[in-house]
Amino acid sequence: MAQRSQYTTKDLQQLIEAMPEAKIGIIGGSGLYKMEALTDVEEIKIETPFGDPSDAFILGTLDGHRVVFLARHGRNHHLLPSELPFRANIYAMKSLGVEYLLSASAVGSLQAEAKPLDMVVPDQFIDRTKDREATFFGDGIVAHIGFGDPICPSLAGVLGDAIASLNLPDVTLHRSGTYICIEGPAFSTKAESNLYRSWGGTVIGMTNLTEAKLAREAEIAYATLALVTDYDCWHPEHDSVTVEMIIGNLQLNAKNAQLVIQSTVERLSKNPPDSKAHRALKSAIFTPMDQIPEATKQKLAALLKKYL
Ligand SMILES: CSC[C@H]1O[C@H](OP(=O)(O)O)[C@H](O)[C@@H]1O
Ligand SMILES: Nc1ncnc2[nH]cnc12
């Protein structure tokens, strides 16, 4: 492994030029702290105008394709969902040239048919977070991105096809679903869990909505591999969720998740799909470019450079 080194935002341009771009990014959630199959691994620490990301970025090759991996909660799982530096993580992905971002996440199931070990590729979110910085904009630039379809349908399609092709034993694929994103860190009450069920929620987690929103602002196509670990606390025939329960299923899930990611990366590299997410800012920025403060333009350079 290359020695860990320190880069500043100013050095990023040189960094990108000095190595092949990683167009595909992977964010590993609870239980997925590394990708075993990565080769030619290089660990890079990146500073961003939004602070330090969750951990060093792991650049590597997956079956011949360059990818970059980040452990969402840090490799030792030391960051709470509310403590995650979502903006720094996505800004750094953008700076590295990432165009497609795959998230792997542990979720609770809110519907009987999505059972532990199943895989859900959500297409919608409901936001129950309350304590997060969920935009890059402000400080003299106003932008409103479209978020009606918060997950990139093209990327989700590739991810779904990859899961289906693997025929994983004991795993049912659900190609759509609504991910309820709570603030955490406590799990929900039974009344909340039942409320989310009545809203049509399919799965529940604490991280992906914020990430998806920022990825859209950064014009990165984003999709979630939601790995069911539990039935939250609503199911009359199952115990309420505990960390112990989650960890047991995560160990099984993490292996499957890596197979799915490998197959998705292979498919994406062969046939990168068009994504509307790549043009999300085209008609989203209200403030005239010449009115945006220079410092803000510099801060958002990785996002705005094609519009400046
Ligand atoms: C460890 S259980 C709760 C924790 O797991 C999920 O994290 P991630 O989305 O990063 O896999 C969930 O969102 C909570 O943060
Ligand atoms: N039941 C649950 N609620 C919130 N986040 C989760 N992550 C895994 N299971 C969860």
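The residue numbering used here restarts from 1 in each chain and proceeds along that chain's sequence as written. Working convention: letters from A go to chains and numbers from 1 go to ligands, in the order in which they are written. Side-chain atom pairs in this predicted model are given and counted only at pLDDT of 80 or more, local residue features only at pLDDT of at least 70, and totals for whole chains, interfaces and linings cover all residues.

1. Considerations on the nonpolar core
Stage number 1. Put simply, a nonpolar core is buried Ala, Val, Leu, Ile, Met, Phe, Trp, Tyr and Cys residues tied into one set by C-beta atoms within 7 Å. To sort residues by burial, count the other C-beta atoms lying within 10 Å of each one's C-beta; a count of 20 or more means buried, 12 or fewer means exposed, and anything in between means partly exposed. C-beta atoms are built from the backbone. Leu101, Leu159, Tyr222 and Leu225 are the most contacted members of the largest nonpolar core, which has 87 residues in total.
Stage number 2. Numbering of helices and strands runs from the N terminus, with a helix taken as a DSSP run of H or I at least four residues long and a strand as a DSSP run of E at least two residues long. At seven residues, strand 12 (residues 221-230) tops the list of elements feeding residues into this core.
Stage number 3. Placing C-beta atoms from the backbone, we regard two residues as in contact once those atoms come within 7 Å. Once residues within four sequence positions are removed from consideration, Tyr222 is found in contact with Leu101, Ser103, Ile151, Cys152, Leu155, Glu211, Ala212, Ala215, Arg216 and Ala277.

2. Notes on the UniProt feature "binding site: substrate" (unreviewed entry) in the chain
Stage number 1. UniProt positions are given in the numbering used here, feature names are shortened, and annotations may be inferred rather than shown by experiment. Sequence positions flagged by UniProt for "binding site: substrate" (unreviewed entry) are, in local numbering, Met206, Asp230, Tyr231 and Asp232.
Stage number 2. Asp230 sits in the buried class, given 24 other C-beta atoms within 10 Å.
Stage number 3. With residues up to four places along the chain from it excluded, the contact list for Asp230 reads Gly108, Ser109, Pro116, Val241, Met245 and Ile246.
Stage number 4. Note on placement: Tyr231 falls in the loop between strand 12 and helix 6 (243-270).
Stage number 5. Its 23 C-beta neighbours within 10 Å are what place Tyr231 among the buried residues.
Stage number 6. Each residue touching Tyr231, except ones within four places of it in the same chain, is listed here: Gly108, Ser109 and His238.

3. Considerations on the environment of Gly74
Stage number 1. Residue placement: Gly74 occurs in the loop between strand 5 (65-71) and helix 2 (86-95).
Stage number 2. Separated by 45 residues in the primary sequence, Gly74 and Gly29 have C-alpha atoms spaced 8.9 Å apart.
Stage number 3. Beyond its immediate sequence surroundings of up to four residues, Gly74 is in contact with Ser54, Asp55 and Leu79.

4. Quick notes on the site of ligand 1
Stage number 1. As used in this record, a residue near a molecule or strand is one whose C-beta atom, placed from the backbone, is within 6 Å of it. Taken together, 13 residues form the shell around ligand 1, and within it Gly29, Ser30, Ser105, Gly205 and Met206 come nearest.
Stage number 2. At the level of elements, strand 6 (100-109) and helix 6 are the ones that each hand at least two residues to the shell around ligand 1.
Stage number 3. For this scheme, ten residues count as nonpolar: Ala, Val, Leu, Ile, Met, Phe, Trp, Tyr, Cys and Pro. Four count as charged, namely Asp, Glu, Lys and Arg, and the remainder, Gly too, count as polar. Tallied by class, residues from the shell around ligand 1 come to five nonpolar, seven polar and one charged.

5. Digging into the environment of Lys255
Stage number 1. One can find Lys255 in helix 6.
Stage number 2. Judged by C-beta crowding, with 13 C-beta atoms within 10 Å, Lys255 ranks as partly exposed.
Stage number 3. A sequence separation of 224 residues divides Lys255 from Gly31, and the C-alpha atoms of the two residues are 9.7 Å apart.

6. Quick look at the site of ligand 2
Stage number 1. In the neighbourhood of ligand 2, 13 residues make up the surrounding shell, with Ala106, Gly108, Ile204, Asp232 and Val241 lying closest.
Stage number 2. Element by element, the count of residues in the shell around ligand 2 is highest for strand 6, at three residues.
Stage number 3. For the shell around ligand 2, a count of residues per class yields eight nonpolar, three polar and two charged.

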